[in-house]
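# Summary of the model geometry
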Amino acid sequence: MNENKYPVIVVGSGAGGAMAAYVLTKAGHKVLMLEAGRDYDPKTETPMFKTNGEAPLMGSGNVDKDFGFYDATVDGGWSVPGEPYTTGEDSEFLWWRARMLGGRTNHWGRYSLRFSEHDFKGKSRDGLGADWPFEYHELAPWYDKTESLVGVCGTNTGLDDMPDSSEGVLQPPPKPRVPELLVAAAAKKLGIPTAPMHRAVLTRAKDDRQACFYATPCGHGCSIGAAFQTTTSLIPMAKATGNLKVVTDAMVKNVTVDDQGKVTGVTYIDKNSHEEVSLQAKVVILAASACESARIMMNSKSKHHPKGLANSSGQLGRNIMDSTGTGLGAFIPSLAGRPKYNEDGHTANHLFIPWWGHKAHANNELDFPRGYHFEISSGFKQPGSGVSSGLQGYGSSLKQQVKDKYGAFVYLSLRGEMLPNEHCYMEIDEDVKDKWGIPVAKFHWKWSKHELNQVEHGLKTAKEILETMGATINHPLPSAEKAILKGGQIIHEVGSTRMGASPKDSVTNQWGQTWDCDNLFVMDAGVFASNPHKNCTLTIMTLAMRNASWLSEQMKKGAL
């Protein structure tokens, strides 16, 4: 490849960027990948076996490490030195940036639930938000391919919120823990199902990646490749083709266009030399994360794109959604004092509670339009710096109370679907630049009654489940306004470059190809038309696999 000219430039090395690079390089295309963060090798840098007791503050989170001292995100978080963002009046929004090779895949929860037909066609059902420009059955074969490549454990359940995978695709799930079985029994009494969580964690060895041995936290990173991250899978697999070149510490400033408004390449800041570098490409794929890709496009104004690149619809930066988040926990007396044993498993919940209310929605029995699920936190976890409440006395009796209560708490985390609204969007703050001289993003945010009603329903349901398990909850539930987490706090922001069936109300078509520039693609969560209650990473990868395959065909035919 010419050092300044490439067939394809991919911006971002996370779920979408790495999958696009993998598909294109396997098909024989030369690809340059630009990553804003530093290089990262999980095989040598992952603190897999470090315990909380070896870290300051027993490994708890701090201003430098939001998710604990040993979290795999080495330099990023909601606050990145020298890279601020701003918010509008009365808006609170948190913007997570990974800033490392592999992006958020080094950090994510590995929850890998398929979106269903309910999820893709919400507007057709209730008139709110936007439909996706394709049907579930069109994406189903690509889900199979992605799950097979990535390695997802779980079980086909037949539940309408959990579309089945083809036979032989899923790896076996781990056994449920005792507290999870108790949750399942209580939920069943209330007519609520539970199911094995689907996670991108290998329970059987695959390629040169090893199976999980159930001994270390996934959040620390995974040097053996059991917990999926692109740095141990897609990126080295793409490099093995000889067609991928990766440049890290490359902060993309803007996408360049010619006199006709057609994309010609990108300009980035070398974070080591602080020099500005311009590259040419036939095709540019933005996969820098939903809001970073939108920021790049907004900072790429030109004569032909005065409102931002590929923004003739005016939808660039609009329709931003995150998952709703809240939760409730309690001490379960029947779990106290049980025999101690190893129930680590693959870190996260083995069972969870999928959304069960599609029929209730159809019958207009609920005062909110979209669903949620509960993730279960329980078991004999590694002790941290926290101390449980309700302890009395001192000495041996106090120690016995601590031992008895160990592993007897259950927490139900709600993750729900948010609908887009006119108050949630981003723009460029022309008055503030980051340390690289690039204008920063400014966010506006407001939850609607749909999300608040959903959270209120979720808290009441969680309380009912916990009380059915034997918990005593004397305190009143918090209001939904106080209980709901901040926008961006679940780190599932999507929708800033929404796909659709028409250039009038969307930024890209169903292939992630922008309507205004046929050689500019978006392959991250920015293209999501809605934000179902499930983790978005599996669908980011599935769309990137499908859309990069389509792009490859177009390039081979000479259409691009």
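Notes on the structure in this doc start here. Computed from a prediction, not measured in an experiment: that's the story for all the values here.

Thresholds applied
- Residues numbered from 1 in each chain as written.
- Predicted model: local features only at pLDDT ≥ 70, side-chain atom pairs only at ≥ 80, totals over all residues.
- Heavy atoms only, no water.
- Helix = DSSP H or I, 4+ residues; strand = E, 2+ residues; numbered from the N terminus.
- Rg over C-alpha atoms; globule rule 2.2 N^0.38 Å.
- Buried < 20%, exposed > 50% of the residue type's maximum accessible area, 1.4 Å probe, protein only.
- Contact = heavy atoms within 4.5 Å.
- Areas by Shrake-Rupley, 256 points an atom, 1.4 Å probe, with all protein chains shown as cover.
- Core = buried A, V, L, I, M, F, W, Y, C linked by side-chain atoms within 4.5 Å.
- Pairing = 2+ DSSP bridges.
- Axes fitted to C-alpha atoms, helices over the stretch in contact; angles between N-to-C directions.
- Phe/Tyr/Trp six-rings, centres within 6.5 Å; stacked < 30°, edge-to-face > 60°.

## Some remarks on the overall build of the protein
In terms of helices and strands, the protein carries 13 helices and 15 strands. The C-alpha atoms of the protein give a radius of gyration of 23 Å, which matches the 24 Å a tight globule of 560 residues would have. For the protein, the spread of C-alpha atoms along the three principal axes comes to 75 × 55 × 50 Å. In the protein, buried positions account for 58% of the 560 residues. A fraction of 73% describes how many contacts in the protein between residues 6 or more apart in sequence connect residues 24 or more apart. Summed over all atoms, the accessible surface of the protein reaches about 22,200 Å², with 50% contributed by carbon and sulfur.

## Quick look at the nonpolar core
Formed by 136 residues in total, the largest nonpolar core has its most connected members in L34, I285, L466 and F528. Looking at this core, the element that brings in the most residues is helix 13 (residues 537-557), giving ten residues. For L466, the residues in contact, after removing those within four places along its chain, are L328, G329, A330, I332, V410, L412, A471 and I473.

## Here's the deal with the sheet that holds strand 3 (residues 86-87)
On the basis of which strands lie adjacent, the open sheet formed by three strands has the order 3-14-13 and mixed pairing. Taken across any chain shown, the strands that pair with only one partner, and hence form the sheet edges, are strand 3 and strand 13 (425-433). The pairing of strand 13 with strand 14 (residues 439-444) spans six bridges and is antiparallel. Its bridge partner being in strand 14, M426 is matched across the sheet by F443. Here helix 8 (residues 290-298) sits on the sheet in contact with strand 13 and strand 14, set at roughly 60° to strand 13.

## Regarding the side chain of T537
Here T537 shows up in helix 13. Relative accessible area serves as the criterion here: at 10%, T537 is assigned to the buried category.

## Overview of the sheet that holds strand 10 (residues 351-353)
A sheet is described by the order of its strands in space; here five strands give the open sequence 4-10-11-12-9, paired in antiparallel fashion. The strands lining the two open edges of the sheet, one partner per strand, are strand 4 (195-196) and strand 9 (324-331). One ladder, built from eight bridges, connects strand 9 with strand 12 (residues 409-416); its direction is antiparallel. In the sheet register, L328 faces strand 12, and the bridge partner there is L412. Here helix 6 (residues 178-189) sits on the sheet and contacts strand 10, strand 11 (372-377) and strand 12; the angle it forms with strand 10, its principal contact strand, is near 30°.

## Regarding helix 8
Of all nine residues making up helix 8, nine are buried, and the element is well covered by its neighbours. Where helix 8 is concerned, the buried positions are A290, C291, E292, S293, A294, R295, I296, M297 and M298. Structurally, helix 8 contributes buried residues whose contacts are with strand 1 (5-11), strand 6 (250-257), strand 8 (276-286), strand 13, strand 14 and strand 15 (520-522).

## Focus: the packing of aromatic side chains
Applying the stated criterion across every chain, the model contains 32 aromatic pairs. A ring pair is formed by F115 and F528, whose centres lie 5.8 Å apart and whose planes are at 85°; its orientation type is edge-to-face. With F115 in the loop between strand 3 and helix 3 (117-120) and F528 in the loop between strand 15 and helix 13, this residue pair connects regions lying 413 residues apart in the sequence. Overall, F115 belongs to the buried group, its relative accessible area being 0%. Ring plane angle 85° and centroid distance 5.1 Å describe the contact between F120 and W132, whose orientation is recorded as edge-to-face.

## A look at the pairing of strand 8
Alignment of strand 1 against strand 8, held across six bridges, turns out to be parallel. Within strand 8, the position partnered with V10 by the bridge is I285. With five bridges connecting them, strand 7 (residues 263-270) and strand 8 associate as antiparallel partners. Along strand 8, the bridge assignment pairs T267 with S278. The hairpin turn running from strand 7 into strand 8, its antiparallel successor, is five residues long, and H274 in that turn takes a positive phi close to 65°. As paired strands, strand 8 and strand 15 are joined by three bridges and run parallel to one another.

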